Number of protein chains: 4
Amino acid sequence: MMTTLAFVGLGAMGDPMAAHLARHARDHGHRVLVWNRTAAKADAHAQTHGTQSVPLTEIAAADVIFTCLPTSAEVDEIMTALRDRLRPGAVWVDCTSGHPDAAARQADDLNRAGVTFLDAPVSGGTAGAQAGRLTVMVGGDPDALDRVRPHLAFAGKVVHVGGTGAGFSVKAVNNALLGVTLWATGEGLAILGRAGVNLGAALDVINASSGRSNASENLIPQRVLTREFPATFALGLLAKDAGIAVDLTQSVQGSAPVLAQVADLLRGAQRVVGDAEDHTAALKLIESMNDTVLK
Amino acid sequence: MMTTLAFVGLGAMGDPMAAHLARHARDHGHRVLVWNRTAAKADAHAQTHGTQSVPLTEIAAADVIFTCLPTSAEVDEIMTALRDRLRPGAVWVDCTSGHPDAAARQADDLNRAGVTFLDAPVSGGTAGAQAGRLTVMVGGDPDALDRVRPHLAFAGKVVHVGGTGAGFSVKAVNNALLGVTLWATGEGLAILGRAGVNLGAALDVINASSGRSNASENLIPQRVLTREFPATFALGLLAKDAGIAVDLTQSVQGSAPVLAQVADLLRGAQRVVGDAEDHTAALKLIESMNDTVLK
Amino acid sequence: MMTTLAFVGLGAMGDPMAAHLARHARDHGHRVLVWNRTAAKADAHAQTHGTQSVPLTEIAAADVIFTCLPTSAEVDEIMTALRDRLRPGAVWVDCTSGHPDAAARQADDLNRAGVTFLDAPVSGGTAGAQAGRLTVMVGGDPDALDRVRPHLAFAGKVVHVGGTGAGFSVKAVNNALLGVTLWATGEGLAILGRAGVNLGAALDVINASSGRSNASENLIPQRVLTREFPATFALGLLAKDAGIAVDLTQSVQGSAPVLAQVADLLRGAQRVVGDAEDHTAALKLIESMNDTVLK
Amino acid sequence: MMTTLAFVGLGAMGDPMAAHLARHARDHGHRVLVWNRTAAKADAHAQTHGTQSVPLTEIAAADVIFTCLPTSAEVDEIMTALRDRLRPGAVWVDCTSGHPDAAARQADDLNRAGVTFLDAPVSGGTAGAQAGRLTVMVGGDPDALDRVRPHLAFAGKVVHVGGTGAGFSVKAVNNALLGVTLWATGEGLAILGRAGVNLGAALDVINASSGRSNASENLIPQRVLTREFPATFALGLLAKDAGIAVDLTQSVQGSAPVLAQVADLLRGAQRVVGDAEDHTAALKLIESMNDTVLK
């Protein structure tokens, strides 16, 4: 049976994700509608991958709607535009790094239209998106997840982590931990640099030792020590995600002083260094505060 | 030419390290002297591995002296006992997770006796020590390192990271980062747990995502979620090491607010939970502060 | 002209505040309605101070309604119960240490009923309430403030700080600073105590020096060093207020790492020490983390 | 009996302190020797206040030697120059904001020459020094303090706080608390400013409320909101003092995560804003991190 899939938001992540969807659709006789705020990107996607670029309202005809947008606020706008036209029985899979509070509200809203909301943010970066090897963490109804699971063509791993909002919560915590490991490793290297230690050798050791992390193994050697800071994931978005972890702490009345501290330092770095810089450029604030360069 | 090697400090790390030394010595016609505060452990080592258990003063006869003790203070005691008897030209390889300030002083002291000091702490835990796959980070004279390198039989990887004290500095930063990743991941799981998220699933996702670290991949699943907290590396020692990173920050007049906060939280956890508990038991303080259990 | 004043919430703060209102009403020919969840307290207030204890719905008849409740959530409940009966032209003065987000919503809600909302939290503690010397920080329409100003009989000082929510924001920041000064001074005394310094002498010096604060001058000498911890302001409420400052930071996308850290430490102390303990009992967690007693 | 007093270090604090000493000496028939690295300042002091400007070695002839220098390192230099010439029975009163570890060492050193060391740092700033109303916190032998107490002509309050080093420890904690209150109040105002609150009104409220401190009452209104930042106490010195509190925490193996974070943020501000700026200019880093100006 032909299924109509739709993908909204063809950014650095969404564009290759929708390409995997297109490949999957071709293999199984489905079709893929795409929409993007800048229509030219949707048209180009259609041209390149055989998807259909449609007006936003026609997205509502899909059986499965994927959204992948900067924040939950943009998802709200799309949802407002589509809500009254959605097909009962459809599933809305939001791959945005969204907010658990928004998930609760959005799920309620869609539920009234007979549509199921799954929060399904992804991890793996643009490289993972291009390779179709993203990790998808899903909150919401497990049966709905089972129905859409065959269509998660961009995923290398799919994990159901809990009820509505749980996917966004796990993503926020993951990214807060990304922020913590990045920042703390930057601090450690800054003081080692001031002490005259060779930073490449220090990272080599750390990466064979107990203090290693994705930040120390991949991000800092590839992006910071090279001084390249390629802007694939914006500092403003990392600060936003770390802020969602802070909101989660507040919402469960928990105590997470280190996540809290780092979220606010990242926000500060965002102001000093710039929203649109790569997230690893947060370490430029550490460099200023230590009068040193990490190289 | 027969070389006399000596190993002082047959604790959880030193005992298997000295066993690898013994194997190496057998293969190359060297001999290994051992000493331990509790003499019975040295005698047992001699019995099992063919080393020689000797009075402390006889250790001074060695060409290469290895020490692996809890802190630089214990190394100072041994050094005071041996200093006047050491052989000029010998190399003292201190595998303790020591203090950079102590290294400077100890190197000066030994230098006056014609002996070279290398700070050469190790990473890899008791498992790495048993497998002979430790990472050794070495500060001090690179020529002296070249001379002793053939005898580092317990090492999987040896990296020269800088001048005297650089090895201790890198080790302190590595362990501070171990503390940060452990603590921050504990915080993240605590708030996810309060939000009703399945912690095993959350870790599964994080470990396939950008927030992963050695703590999230190995320590927390194996030691915390299992509630085993096997005491292989004491919380008191981790707090000590994180404190050395704080001292280093002070000494270079650097700025490392996250390392600083975590060092003090670990010290607090040590007081609340107990010095001798496994370092992962620091998360029990996070559990109390969040009224939750990480399982 | 007789004005009908109403006071909802006769807790440790509200009871003496409403008493001052009663005195003022007697002097000027007004009347004061009171309501409290536990009706007996309202009846006792009426008996003692000549106010009128009425059913909740009759509160809606007042020209000026004061609320003084634990959190904005309780204000929401009262507002829901009264909204459809309120008198157009009335002013609702919320003295709760409420949430700026709630203020925005509540002001909108009341506006539709022709009622003006002022967020007007107070500072000064139960002593200030009894003396009628509270500081009132007011957000919202300055003309409405001018109309109710003569009735703020419990105030020693009234300051208009900005638009709707500004009063709650300033109160949250004030209480976050209370939390910071309390906690940091506790830390400082803990390490001095471990160093063998006389804590009374140390406080004596600090209070004549640049590090002094209300916490060091009043709270710690009177409540902590005496080991009395009299429960006049609950730790759970201080943690809540510090959390509102965190929410404010998030809402303006600001960077306040120290306020963030302390808010989470206070929340942790609340879990370990107990919600209902006096706010100064937060220092018991510092004591545990330093294995010392502040006395 | 004529006593010879000496004062070394005629900086912004020392110059007026020595002037009070001169007044006291005139009244009681004592004499005052002064020395300063820049001899012209000593000569000018002699001219203006009737003290005697002498070569450094002649300072050793004094019965009571006061030092007031930037750090313990400068005191060490003076002590090395004078040690072999000191009069047995003399008392050395070090008013530097020094280091407890240095105090222990210096006291031992002097003790061998029959001289008693008192660590006696002062608080009150240049205004307090000029008014002769400084608070002096003294560590060391109480009998020695009793002997020199009549000569503390610059003091408004003298408190014996404990053994050798206790004075420096209390001073370090006081200044760390100054740093915390300054920084945290700056954060609070930054987020209130972003929220559109009038900062003067907010401070007015806070200063009548529980979150007030010397920083909120005096420093920020006079130095920050005015944008004057008059350089009377250098940021580099405040960062140094907060660092001494960190060293103290380490030395007693205590837990002070807030003092630790703020010390490192102050050090970072010092790097970004400049060593020689007024300590209140630390808030310029907060301003950058919040893209706002505190005015």
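Residues numbered from 1 in each chain as written. Chains lettered and ligands numbered in written order. Predicted model: local features only at pLDDT ≥ 70, side-chain atom pairs only at ≥ 80, totals over all residues. Heavy atoms only, no water.

Chemist: Outline the relation of the copies chain B and chain A, supporting the account with residue identities and numerical values.
Modeler: The operation relating the two chain copies consists of a rotation about an axis and a shift along that axis. You can overlay chain B on chain A at an RMSD of 0.0 Å; the transform is a turn of 180° with a shift of 0.0 Å along its axis. Taken together, the rotation and translation relating the two chain copies correspond to the operation of a two-fold axis. Minimal C-alpha distance to the rotation axis in chain B is attained by Ser213(B), lying at 1.9 Å. Most of the interface of chain B is mirrored in chain A, where 100% of its interface residues again form contacts. (Least-squares fit on C-alpha atoms with pLDDT ≥ 70 in both. Contact = heavy atoms within 4.5 Å.)

Chemist: Account for helix α2 (residues 39-49) of chain B, naming residues and giving values.
Modeler: Residues and elements named next belong to chain B. Every buried residue of α2 is accounted for by Ala42, His45 and Ala46. What you see down the axis of α2 is that its buried residues fit within an arc of 100°, all on one side. Facing away from the buried surface of α2 by more than 90 degrees, the exposed residues are Ala40, Gln47 and Thr48. Phi turns positive, to about 75°, at Gly50, one or two residues after α2. (Buried < 20%, exposed > 50% of the residue type's maximum accessible area, 1.4 Å probe, protein only. Helix = DSSP H or I, 4+ residues; strand = E, 2+ residues; numbered from the N terminus. Arc of directions from axis to C-beta.)

Chemist: Account for the interface of chain B and chain C, with residues named and values stated.
Modeler: Opposite the 13 residues of chain B that make contact, chain C presents 12 residues. Of all residues in chain B, Gln261(B), Arg271(B) and Met289(B) give up the largest surface area on contact with chain C, accounting jointly for 56% of the area buried on that side. Our enumeration of links across chain B and chain C arrives at 0 salt bridges. Between chain B and chain C we count 1 residue pair in polar contact (both at pLDDT 80 or more) in total. Those elements giving two or more residues to the side of chain B that touches chain C turn out to be α11 (257-273) and α12 (283-290) of chain B. Looking at the side of chain B that touches chain C, the element that brings in the most residues is α11(B), giving 7 residues. (Buried area = accessible area lost by both parts, 1.4 Å probe. Salt bridge = Lys/Arg side-chain N within 4 Å of Asp/Glu carboxyl O. Polar contact = N/O pair within 3.5 Å; in protein donor to acceptor, adjacent residues only side chain to side chain.)

Chemist: Summarise the interface of chain B and chain A; cite the residues concerned and give the values.
Modeler: If you look at the interface, chain B gives 57 residues, while chain A gives 57 residues. For the pair chain B and chain A, the summed buried area comes to about 4800 Å², and 65% of that belongs to carbon and sulfur atoms. Close ionic contact of Lys157(B) with Asp204(A) constitutes a salt bridge, the shortest N to O distance being 2.9 Å. Across the chain B-chain A interface, the total number found is 28 residue pairs in polar contact (both at pLDDT 80 or more). At the level of elements, β8 (134-139), β9 (155-162), α7 (166-194), α8 (199-206), α9 (214-224), α10 (235-251), α11 and α12 of chain B are the ones that each hand at least two residues to the side of chain B that touches chain A. The dominant element in the side of chain B that touches chain A, judged by the number of residues it contributes, is α7(B), at 18 residues. Classifying every residue of the side of chain B that touches chain A gives 30 nonpolar, 22 polar and 5 charged. (Nonpolar A, V, L, I, M, F, W, Y, C, P; charged D, E, K, R; others polar.)

Geometry only, nothing functional implied.
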